[in-house]
Amino acid sequence: MGTAAAAGRGLAVPVVTPALASTPSMLESLLALNSLPKIGPVRIRRLLDRFGSAEQALRAPKDRLLGVDGIGPELATILTDWESHADPVAELREIRQRGLSVVLPDDPAFPRALRDSYDCPLLLYVWGRLEERDRHAIGIVGTRRSSTYRKHCTKKLAYQFARAGFTVVSGLARGVDTTAHEAALAAEGRTVAVIGSGLARIFPGENLPLAERIADGHGAIVSEFPLHTAPDKQTFPQRNRIVAAWSRAVVVTECPAWSGSLITANLATEYGRPVYAVPGPIDKPTSAGCHRLIREGATLLTDASELLEDLNGLPFPAEVPVKADAPPAEPPDLPPLPEEEAQILSALGDSESGIDALVEHTGLAAPIVSATLLKLEMKRLVRPLPGFRYVRR
């Protein structure tokens, strides 16, 4: 995002929620605390627990700061001299100029799973718009140098997840991340890019047009870092933890034996999120990481339906419990299906059929047929058979 004009183009997002608008000093204090060097989210949480607010933490004398676990003389000096390290008024002014927003953990749009993590970010800078439904997220990560085969796998899975109603979360990096975001957009779904830099320093630069497409009504670009933070070897692992904590499951589609994607997978395990890995050719170094994950307990994944079955279906199930003594309800009449679903259901007829035959019969592209079959399966209108064949229920 080279200029303020580029950052805010086509966006009209308020900088703060109404609850924050009446207390700008509170927001400025949070921005200042978030900007201080060497004080990460775990220490910030301890400061807030001890002093009750960011304002009080910034006003606390050095001797009281030293009583907080993890705050030594160096960090206590940074906190008492915070004005030498942060300019929250200028930061807030630039946020407004760029048409960005700041989302705090008590905002309904802040992902619940991330909010409950022990190292939850103090705040999120957002370009675009977060929605409450983005809590239903699948993280997709992988190498920056993805093969043609893995690009196809990533595209298929991200497309299927997005069509099924999940938000695809990734890191906007080259390779797998880029493919995942683009596939979610192609599916007319939502996607969130969590970046390892400030929103004024979109990285890599060639993905700025992709970021603009995402932010323009299809999701958001998100960062916990101040606007002009440059990416480095520390910011990317921090970014990875947000992807891992936010997602209901993390999918690794391709990575070598040593990769940042393995960091994300390990973090997901720590947060209690299931990890899935896509297998690949055994003679390819970029398959080694996925195969290692599978050996260590990750679930082998070949189709989105396998993961969705583990998650008990689509992301928006009915939440009204049925009383144990209540008689079973009559199944409701099936509402009219979208054109593609009706077309494929009709093409299935009364006999089983494979995806290739359905592509030929309907004239629809294979990814659309695959994603639509997944939706019909979740509606319990079709049943999968061995060999990627389907039959009407």
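Presented here is a report on the structure given in the accompanying data block. (Residues numbered from 1 in each chain as written. Predicted model: local features only at pLDDT ≥ 70, side-chain atom pairs only at ≥ 80, totals over all residues. Heavy atoms only, no water.)

**Comments concerning the pattern of salt bridges**
Taken as a whole and judged by the stated rule, the model has 14 salt bridges. Between Arg135 and Glu132 there is a salt bridge whose closest N-O contact spans 2.4 Å. With relative accessibility at 19%, the residue Arg135 sits in the buried group. On the basis of relative accessibility, which here comes to 35%, the residue Glu132 falls in the partly exposed class. With a shortest N-O distance of 2.6 Å, Arg163 and Glu340 are connected by a salt bridge. With Arg163 in helix H10 (residues 148-163) and Glu340 in helix H17 (residues 339-348), this pair connects stretches of sequence that are 177 residues apart. Arg163 gets classed as buried once you look at its relative accessible area, which sits at 17%. Connected via shared salt-bridge partners are Glu131, Arg133, Asp134 and Arg190. (Salt bridge = Lys/Arg side-chain N within 4 Å of Asp/Glu carboxyl O. Buried < 20%, exposed > 50% of the residue type's maximum accessible area, 1.4 Å probe, protein only. Helix = DSSP H or I, 4+ residues; strand = E, 2+ residues; numbered from the N terminus.)

**Here's the deal with the sheet that holds strand E12 (residues 389-392)**
If you walk across this open sheet you meet the three strands as E10-E12-E11, and the pairing is antiparallel. The strands lining the two open edges of the sheet, one partner per strand, are strand E10 (353-354) and strand E11 (382-385). Its contacts with the sheet put H17 on E10, E11 and E12, and the angle it makes with E12 is roughly 90°. (Pairing = 2+ DSSP bridges. Contact = heavy atoms within 4.5 Å. Axes fitted to C-alpha atoms, helices over the stretch in contact; angles between N-to-C directions.)

**Section: the environment of Val252**
The residue Val252 is located in strand E7 (residues 249-254) in this model. Using a relative accessible area of 0% as the deciding quantity, one classes Val252 as buried. Distance from Val252 to Pro279, taken between C-alpha atoms, is 9.5 Å for residues 27 residues apart in sequence. Ignoring anything within four residues of it in the chain, the contact list for Val252 reads Val141, Ser261, Ala265, Tyr276, Ala277, Val278, Cys290 and Leu293.

**Here's the deal with the state of the cysteines**
Counting across every chain of the model gives zero disulfides. Just so you know, Cys153 is unpaired, no disulfide at all, and the nearest cysteine sulfur is the one on Cys290, 9.5 Å from it. The exposure class of Cys153 is buried, given its relative accessible area of 12%. (Disulfide = S-S within 2.5 Å.)

**Some remarks on the packing of aromatic side chains**
Enumeration according to the criterion identifies two aromatic pairs in this entry. Here Tyr118 and Tyr271 contribute two aromatic rings whose centre-to-centre distance is 6.1 Å and whose plane-to-plane angle is 40°, an arrangement assigned as tilted. Highlighted residues: Tyr118 in the loop between helix H9 (112-115) and strand E2 (124-128) and Tyr271 in the loop between helix H14 (260-270) and strand E8 (275-277), separated in sequence by 153 residues. With relative accessibility at 13%, the residue Tyr271 sits in the buried group. Where Phe203 meets Phe236, the ring centres are 6.2 Å apart and the plane angle is 55°; that geometry is what we call tilted. Pair noted here: Phe203 is in the loop between strand E5 (191-194) and helix H12 (208-215) and Phe236 is in helix H13 (residues 235-246), with a separation of 33 residues, a long-range link. By relative accessible area, which is 34% here, Phe203 ends up partly exposed. The class for Phe236 is buried, based on a relative accessible area of 18%. Geometry around Phe236 places Arg144 over its ring, the cationic atom sitting 5.4 Å from the centre. (Phe/Tyr/Trp six-rings, centres within 6.5 Å; stacked < 30°, edge-to-face > 60°. Lys NZ or Arg CZ within 6 Å of the ring centre and 35° of its normal.)

Remember that the coordinates give geometry; whether it matters functionally is a separate question.
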